[in-house]
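Structural overview for review
Read off the chains here:
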Amino acid sequence: MSLTEKDKAAVKAIWSKISKSGDAIGAEALGRMLTVYPQTKTYFSHWSDLSPNSTPVKNHGKTVMGGVALAVAKIDDITNGLTALSEQHAFQLRVDPANFKILSHCILVVIASMFPKDFTPEAHVSLDKFFCCVSLALAEKYR
Amino acid sequence: MVKWSDKERTVIAGIFSGLDYEDVGAKALSRCLIVYPWTQRYFGSFGNLSNAAAIMGNPNIAAHGAKVLHGLDRALKNMDNIKETYTELSILHSETLHVDPDNFKLLGDCLTIVVAAKMGQAFTADTQLAFQKFLAVVVSALGKQYC
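Small disclaimer: the values here were computed from a predicted structure and weren't measured.

**Observations regarding the overall build of chain B**
Each helix and strand counted, chain B has 8 helices and 0 strands in total. The secondary structure elements of chain B, listed N-terminal to C-terminal, are α-α-α-α-α-α-α-α. Here the C-alpha radius of gyration of chain B, 15 Å, is about what a compact globule of 147 residues would show, namely 15 Å. Dimensions of chain B, computed from C-alpha atoms along their principal axes, come out at roughly 45 × 40 × 20 Å. Across the 147 residues in chain B, those meeting the buried criterion constitute 48%.

Written as structure tokens, this is what we have:
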């Protein structure tokens, strides 16, 4: 399910509207993930505070959205664009790739709640495909 | 048996009490058919599904979306007995409709998104947690009679 030119245009269009709120989206999505899918907390046992809106959660949400911004910038070749991040997740972080889908879902829910008018079904399908591609790219170096 | 806290019951009842079933049902089902187009396989007799606009304007889809949401009402009214409540519906989806049970989760995700869009900030993480737990129980019950 690779991205068509129409998908890429849709992703860039909605990204231009939401990117200013990137930090807030990231913090909210990550906080939500830790609450709704408590098994994901296992990856953050080294944080002092796992509550939504805590400093580590906010900072990490910002980091995650930086990765999303990179994927948007490299949308014509996400796999190669995210090589370094894939190596990091594969060899250092060793996050089970099933969790990429979980975080993607939480990001989409946050976008829907913050930008209901922009998150049309057409924007949704393109963004969903985009996050699938990002998740695949992140898992590329795993084995 | 699934255990529900008082808080979960209140949150879930609160979500449904604020919903326009016709509107939300139609939006959730249309979104599912657009975002996961393979789900259209079950709606061959519903008329024009050729593009997003056609799907969103299709009255058969809208009516069916509302029907699905009213079906969720059954779980809402029988929260301590969802598995038994959905026995017949599960058999129907398996033996008559032949719906792949993975699709229930896809529709559930679209419903979550539509509710989030409607409730905005009020759709907090705790609200999402309770709602997704409810949907997971419903999805599991609907898949129970497949064999």
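Resuming the write-up.
**Notes on the state of the cysteines**
Residue and element names in this part refer to chain A. One pass over the structure, following the stated rule, counts 0 disulfides over all chains. In this structure C106 is a free cysteine whose sulfur lies 14 Å from that of C132, the closest cysteine sulfur available. C133 supplies the cysteine sulfur nearest to C132, a cysteine that is in no disulfide, at a spacing of 6.9 Å. Using a relative accessible area of 41% as the deciding quantity, one classes C132 as partly exposed.

**Brief notes about the environment of L106 of chain B**
Position of L106 of chain B relative to the elements: it lies in helix α7 (residues 102-119). Once residues within four sequence positions are removed from consideration, L106 of chain B is found in contact with C32, Y36, W38 and T39 of chain B.

**Structural notes on the interface of chain B and chain A**
With 21 residues of chain B at the contact, the number on the chain A side is 19 residues. Here chain B packs against chain A, burying approximately 1700 Å² in sum over the two surfaces, 64% of which is carbon and sulfur. Three residues, R31, I113 and Q128 of chain B, lead the burial of chain B against chain A; their summed loss comes to 29% of the area buried on that side. For the pair chain B and chain A, the interface holds 0 salt bridges. The interface formed by chain B and chain A holds 7 residue pairs in polar contact (both at pLDDT 80 or more) in total. Only α2 (21-35), α3 (52-57), α7 and α8 (125-143) of chain B provide two or more residues apiece to the side of chain B that touches chain A. In terms of residues, the side of chain B that touches chain A owes the most to one element, α7 of chain B, which gives 6 residues.

**Section: the side chain of R32 of chain A**
Counting through the fold element by element, R32 of chain A comes out in helix α2 (residues 22-36). Judged by relative accessible area, which is 3%, R32 of chain A ranks as buried. From its side chain, R32 of chain A meets the backbone oxygen of T124 of chain B in a polar contact 3.5 Å long. Excluding residues within four positions of it along the chain, R32 of chain A makes contact with Y37, C106, V109 and V110 of chain A together with F123, T124, A125 and Q128 of chain B.

**A closer look at the packing of aromatic side chains**
Residue and element names in this part refer to chain B. Within the structure shown, the criterion is met by 11 aromatic pairs over all chains. With a centroid separation of 5.0 Å and an interplanar angle of 85°, the aromatic rings of F43 and F46 are classed as edge-to-face. For the pair F43 and F46, one class covers both residues: buried. Ring pairs connect the aromatic residues W4, F16, Y21, F123, F131 and F134, which therefore count as one cluster.

**Notes on the confidence of the model for chain B**
Scored by pLDDT, chain B comes out at a mean of 95, with 100% of its residues at no less than 70. Taken over the whole predicted complex, pTM reads 0.90, whereas the ipTM for its chain interfaces reads 0.82.

What counts as what
- Residues numbered from 1 in each chain as written.
- Chains lettered and ligands numbered in written order.
- Predicted model: local features only at pLDDT ≥ 70, side-chain atom pairs only at ≥ 80, totals over all residues.
- Heavy atoms only, no water.
- Helix = DSSP H or I, 4+ residues; strand = E, 2+ residues; numbered from the N terminus.
- Rg over C-alpha atoms; globule rule 2.2 N^0.38 Å.
- Buried < 20%, exposed > 50% of the residue type's maximum accessible area, 1.4 Å probe, protein only.
- Disulfide = S-S within 2.5 Å.
- Contact = heavy atoms within 4.5 Å.
- Buried area = accessible area lost by both parts, 1.4 Å probe.
- Salt bridge = Lys/Arg side-chain N within 4 Å of Asp/Glu carboxyl O.
- Polar contact = N/O pair within 3.5 Å; in protein donor to acceptor, adjacent residues only side chain to side chain.
- Phe/Tyr/Trp six-rings, centres within 6.5 Å; stacked < 30°, edge-to-face > 60°.
- pLDDT = per-residue confidence, 0-100.

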